[in-house]
Each structure stands twice: as structure tokens, then as C-alpha cells.
Amino acid sequence: GENVEQHPSTLSVQEGDSAVIKCTYSDSASNYFPWYKQELGKRPQLIIDIRSNVGEKKDQRIAVTLNKTAKHFSLHITETQPEDSAVYFCAAGFFFGNEKLTFGTGTRLTIIP
Amino acid sequence: IAGITQAPTSQILAAGRRMTLRCTQDMRHNAMYWYRQDLGLGLRLIHYSNTAGTTGKGEVPDGYSVSRANTDDFPLTLASAVPSQTSVYFCASSPEGALSSGANVLTFGAGSRLTVL
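Sequence order as written defines the numbering, with residues in each chain counted from 1. Chains and ligands are labelled by the order in which they are written, letters from A for the one and numbers from 1 for the other. With pLDDT at 70 or above as the cut-off, local features in this predicted model cover only qualifying residues; side-chain atom pairs require 80 or more to be listed or tallied, and sums for whole chains, interfaces and linings still use all residues. Just so you know, side-chain values use all the structure's heavy atoms and leave hydrogens and water out.

A few words now on the pattern of salt bridges. One speaks of a salt bridge when a side-chain nitrogen belonging to Lys or Arg is within 4 Å of a carboxyl oxygen belonging to Asp or Glu. Evaluation of the coordinates by the stated rule reveals 7 salt bridges over all chains. Salt-bridge contacts for A:Arg61 lead to A:Asp84; the nearest nitrogen and oxygen are separated by 2.9 Å. Taken together, the residues A:Arg61 in the loop between β6 (56–59) and β7 (62–67) and A:Asp84 in the loop between β8 (72–77) and β9 (86–92) connect sequence positions 23 residues apart. A:Asp84 gets classed as buried once you look at its relative accessible area, which sits at 5%. Between B:Asp38 and B:Arg44 there is a salt bridge, with its nearest N and O atoms 3.0 Å apart. Beyond isolated ion pairs, a larger network of salt bridges with shared partners links B:Arg36, B:Asp38 and B:Arg44. The way it works is that DSSP assigns letters per residue, a run of H or I at least four long becomes a helix, a run of E at least two long becomes a strand, and they are numbered from the N terminus. Burial status follows relative accessibility: with a 1.4 Å probe on protein chains alone, a residue under 20% of its type maximum counts as buried, one over 50% as exposed, and anything between as partly exposed.

This is the structure we're talking about:
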């Protein structure tokens with residue numbers, strides 16, 4: 001089955017700086033890579049996703065990059081703000097068939113004012 | 001308001017007791033899922049259902065059972081709770097072909113915090 005590793009487990013950055021979270025996956029057949037954000041005490045919510053036919057996707061201050069050859073993908077947050085403080089989960093799987101989606105262990109991001 | 005409703009929000013349970021966590025969605029999604037979230041382990045799939053009347057085992061199914069009698073409801077039952085089942089449980093759903101085009105995004109419920117003593 002798929003194995004997803006996520007690093008770092010915790011990350012602190014100064015407000016306004018950039019944050020990068022990295023994930024690797026094992027199954028070269030995986031073609032869908034979503035990122036979920038979970039604020040303290042709340043439910044996980046999708047913030048951005050990328051499919052394997054695309055190398056990079058941006059949405060305002062967040063972007064995701066995918067390297068299929070190396071089997072790794074990363075989340076980039078620029079101009080960080082206090083509301084970016086949360087736990088972020090990467091996942092790897094298939095666009096249809098969420099039962100095959102495997103999550104990383106999460107990164108707790110803290111933005112220092 | 002469309003979405004997923006979970007109940008109870010939190011529960012303290014004695015070991016050996018039976019417990020059912022309830023989950024209802026009103027988005028007419030085909031697929032539903034139960035995850036448990038534990039510190040340092042992320043979200044792990046317990047059981048899933050791709051359509052009413054069918055269920056499947058996820059990564060950590062032991063000690064849990066589910067049923068999917070209709071599209072909207074997907075209860076999770078712990079037949080005889082043990083302390084290792086102390087966790088936060090999230091129900092989720094996704095269209096899986098129920099809607100024409102669009103993203104097949106997982107929508108999560110608010111979670112149920114279960115403590116087994």
C-alpha cells in the first residue's frame with residue numbers, strides 16, 4: 001500500500017516569512033495529492049490539491065509543487081499570517097477512490113507575531 | 001446548512017461498553033468514511049462505504065463495525081470498547097461520481113472525542 005512521510009512535524013516561522021512542508025510517497029501509481037488544514041479543535045478542510053499531470057498549482061499565498069520522478073510534493077505558504085497557524089496534512093492517492101487516500105502524520109505550523 | 005453531522009461531540013466510556021458514533025450527511029454523497037485521529041499518527045481510515053449497502057475495511061478496522069443502510073447515515077460501532085480506542089473520530093464523505101464533474105473532495109464532520117477508561 002501507499003506510505004506517506006511528512007516533514008517537519010513542527011514548524012515555527014516569523015509572521016511574514018515563508019513556510020514549506022514536504023511529503024514523500026511510495027506508490028508511483030498515485031495521481032492525486034491534496035493538502036488539508038486543521039485549526040485547533042476544528043475539522044480538517046481542503047486548502048489545495050494537485051493532480052499528477054500538473055507540476056505546480058497556486059492559490060493566492062499557497063502553492064503546491066509535485067515531483068513525480070522523486071515522488072515528493074511540497075506545500076509553500078508565503079507572507080505567513082497568524083491565521084495560518086494550524087496542523088497541515090498532506091495525502092496521496094487517487095482522484096476517485098478516497099478509500100485509497102493515505103495521509104501524512106501532520107505538521108504543526110506556528111506563526112510567531 | 002448542507003454538511004455532515006456527528007454525534008456525540010464527546011463521550012467518556014467505560015471499557016467493555018458498547019458505543020455507536022452517529023454520522024449523517026445531507027449532500028447526497030455516494031461515499032462515506034470513518035477516520036481516527038491520534039497525535040503523531042495523522043488520520044487513519046477505519047471503515048468506508050462507496051455506496052449504500054456496501055462497506056469496506058480501511059487501515060485500522062479491528063474492534064469497529066459499520067453499516068450503510070441508506071445514503072445519508074453511516075454509524076460506527078465499538079462492540080466492546082478498549083482504552084486504545086481513545087481517540088478523536090472523524091466522519092467524512094465525498095461525491096465519488098454522485099455529482100457531474102467537479103472535485104471529489106473529502107468533507108469532514110466536526111469530530112467525536114471518545115475517551116475509554
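From this point, the discussion proceeds with the structure in view.
Take the side chain of A:Gln38 next. Summarising the element assignment, A:Gln38 is placed in strand β4 (residues 32–38). Here A:Lys42 takes part through its backbone oxygen, which lies 2.9 Å from a polar atom of the side chain of A:Gln38. Polar contacts, as used here, are pairs of N or O atoms within 3.5 Å; protein pairs need one atom able to donate a hydrogen and one able to accept it. Residues neighboring in sequence count only if both atoms are side-chain atoms. There is a polar contact of 2.7 Å between the side chain of A:Gln38 and the side chain of B:Gln37. By definition, residues are in contact when any of their heavy atoms lie within 4.5 Å. Ignoring sequence-local partners within four residues, the contact set of A:Gln38 consists of A:Arg43, A:Pro44, A:Ala86, A:Val87, A:Phe89, B:Gln37 and B:Phe90.

Okay, the pairing of strand β1 (residues 4–7) of chain A next. All names here are of chain A. Residues of β1 alternate between two faces, with Val-4 and Gln-6 buried on one and Glu-5 and His-7 left unburied on the opposite face. With 4 bridges connecting them, β1 and strand β3 (residues 19–25) associate as antiparallel partners. Of the residues in β3, the one forming a bridge with Gln-6 is Cys-23. Any two strands with at least two DSSP-identified bridges between them are counted as paired.

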